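Close look at the chain arrangement
Letter by letter, the chains look like this.
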Amino acid sequence: MAKLTYNPRVFDVSDVESAKQIILTREPDASTEERWERETPYLAGLLAAHLTPNSGSLILDYGCGLGRLSKALIELCGCKVLGVDISADMRRLALDFVGSDKFSVISPEQFEEEVNSGLRVDGAVAVWVIQHVLDPVACIDTLARSLSSTGRLLVANTHQRCVPTVEKPWGKDGHEVRKLLAARLREIAIGVPDPIWVGENTAKSAFWGLYRPRATSELKDLNEVD
Ligand SMILES: C[S@@+](CC[C@H](N)C(=O)[O-])C[C@H]1O[C@@H](n2cnc3c(N)ncnc32)[C@H](O)[C@@H]1O
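Residues numbered from 1 in each chain as written. Predicted model: local features only at pLDDT ≥ 70, side-chain atom pairs only at ≥ 80, totals over all residues.

**Here we look at the overall build of the protein**
A count of helical and extended segments in the protein gives 10 helices and 9 strands. Computed over C-alpha atoms, the radius of gyration of the protein comes to 17 Å, within 12% of the 17 Å expected from 2.2 N^0.38 for 226 residues, which places it in the range of a compact globule. Taking the principal axes of its C-alpha atoms as reference, the protein extends roughly 45 × 45 × 35 Å. Sorting the 226 residues of the protein into buried and exposed places 39% on the buried side. A separation of at least 24 residues holds for 68% of the contacts in the protein among residues at least 6 apart in sequence. (Helix = DSSP H or I, 4+ residues; strand = E, 2+ residues; numbered from the N terminus. Rg over C-alpha atoms; globule rule 2.2 N^0.38 Å. Buried ≥ 20, exposed ≤ 12 C-beta atoms within 10 Å, placed from the backbone. Contact = placed C-beta atoms within 7 Å.)

Structure below.
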């Protein structure tokens, strides 16, 4: 990103309240708490309907924050959830917030190591996070490699990138997350989050997508085209 310095410190938080405020910023028509209450059950239902986890499943919650969706998925489906978050504060708070022995949480570096060592998950979610990561291509590649052959990834994301930088709170770097996802994974469903639950502003600026891994031969063909 030209002349902008990535600043993941915006995700340093002191307590649950400040964590919620950075996860779901206040909108003109709804407070953080209203968005949290309205959106969480809707998104959890969307994730559960598309990933269909059961008590034997391991689901990845990438960029889990406080783990609101990990908690909801554990309650709905009885699955195990592995959270990943760049913020040590979020990881510490998430353990208490989720409060379940079915939940564990690690850093992106630890996750990368686990995937390189063979970790595969039955399903993955990445909600409001790929828009914020420094390197979305690398992030999507790790997510893709973490999926089992039958695993699916459900993403909810803004169309525009929204990168935390030192120079200004949220910058754009020109990457289109939906295009990057479809280049590395096979898009099998796409939609707009329901404005009733996520609010008009979020619905206008975001999409959700369901993805499956591409076969090795498909990836080879894509590389040859490149
Ligand atoms: C807007 S919050 C969304 C949290 C959660 N997915 C939810 O919907 O409640 C974005 C989260 O992504 C995390 N994050 C940002 N960059 C990340 C990265 N490169 N890898 C993992 N987590 C990251 C932040 O620390 C923050 O907790």
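**Overview of helix α6 (residues 136-146)**
Restricting attention to buried positions, one finds in α6 the residues Pro136, Cys139, Ile140, Leu143, Ala144 and Ser146. Down the axis of α6, the sector holding all buried residues measures 160°, keeping them to one side. Seen from the buried face of α6, the exposed residues on the opposite side, beyond 90 degrees, are Val137 and Ala138. (Arc of directions from axis to C-beta.)

**Some points on the site of the ligand**
Of all residues adjacent to the ligand, which total 19 residues, the nearest are Phe11, Gly63, Gly65, Ile86 and Val133. In terms of residue class, the shell around the ligand is built from 13 nonpolar, 4 polar and 2 charged. (Near = placed C-beta within 6 Å. Nonpolar A, V, L, I, M, F, W, Y, C, P; charged D, E, K, R; others polar.)

**Some remarks on the environment of Pro193**
Mapped onto the elements, Pro193 comes out in the loop between β8 (185-191) and α8 (195-198). Put simply, Pro193 and Val98 are 95 residues apart on the chain and 24 Å apart in space, counted from C-alpha to C-alpha. Once residues lying within four places of it in the same chain are set aside, the contact partners of Pro193 are Ala156, Val198, Thr202, Ala203, Ala206 and Trp208.

**Digging into unusual backbone geometry**
The residue Thr52 is not glycine, and still its phi comes out positive at about 40°. Turning to its location among the elements, Thr52 is positioned in the loop between α2 (32-51) and β1 (58-62).

**Quick look at the pairing of strand β2 (residues 80-84)**
By the criterion of burial, β2 is predominantly enclosed, with 5 of the 5 residues buried. As judged from the 5 bridges shared by β1 and β2, these two strands associate in the parallel manner. By the bridge assignment, Ile59 is partnered in β2 with Val81. Where the polypeptide runs from β1 across helix α3 (residues 68-77) and back to β2, its parallel neighbour, the crossover connection is right-handed. In the sheet, β2 pairs with strand β3 (residues 103-106) via 4 bridges, with the strands oriented parallel. (Pairing = 2+ DSSP bridges. Right-handed = clockwise from strand over helix to strand, strands pointing away.)

**A closer look at the packing of helix α5 (residues 108-116) against α6**
Running from amino to carboxyl end, α5 crosses α6 at an angle of 45°, the nearest separation of the two axes being 10 Å. Of the possible angle classes, the one that applies to α5 and α6 is oblique. Both α5 and α6 take part in a crossing whose hand is left-handed. Facing Phe111, Glu112 and Val115 of α5, the residues of α6 in contact are Thr142, Arg145 and Ser146. Each residue belonging to the contact of α5 with α6 can be placed in one class, and the counts come to 2 nonpolar, 2 polar and 2 charged. (Axes fitted to C-alpha atoms, helices over the stretch in contact; angles between N-to-C directions. Parallel < 35°, antiparallel > 145°, perpendicular 65-115°, else oblique. Left-handed = near helix turned anticlockwise from the far one by under 90°.)

**A closer look at the environment of Val129**
Looking at the secondary structure, you find Val129 in the loop between β4 (121-127) and α6. The buried category is assigned to Val129, around which 23 C-beta atoms lie within 10 Å. Val129 has contacts with Tyr62 and Gly63, leaving out every residue within four places of it along the chain.

**A short note on the nonpolar core**
One finds Leu47, Leu73, Ala124 and Ala126 to be the most contacted residues of the largest nonpolar core, which totals 55 residues. Ranked by the residues each element gives to this core, the list is headed by α2, at 6 residues. With residues near it in sequence (within four places) discarded, Ala126 still touches Tyr62, Gly63, Leu143, Leu153 and Val155. (Core = buried A, V, L, I, M, F, W, Y, C linked by C-beta atoms within 7 Å.)

**Some details on the sheet that holds β8**
Neighbouring strands of a sheet are bound in pairs by backbone hydrogen bonds; such pairs are parallel or else antiparallel. Taken in spatial order, the 7 strands make up an open sheet running β3-β2-β1-β4-β5-β9-β8, and their pairing is mixed. Every interior strand has two partners, whereas the edge strands, β3 and β8, have only one. The sheet shows a mean angle of 20° between the axes of neighbouring strands, taken without regard to direction.

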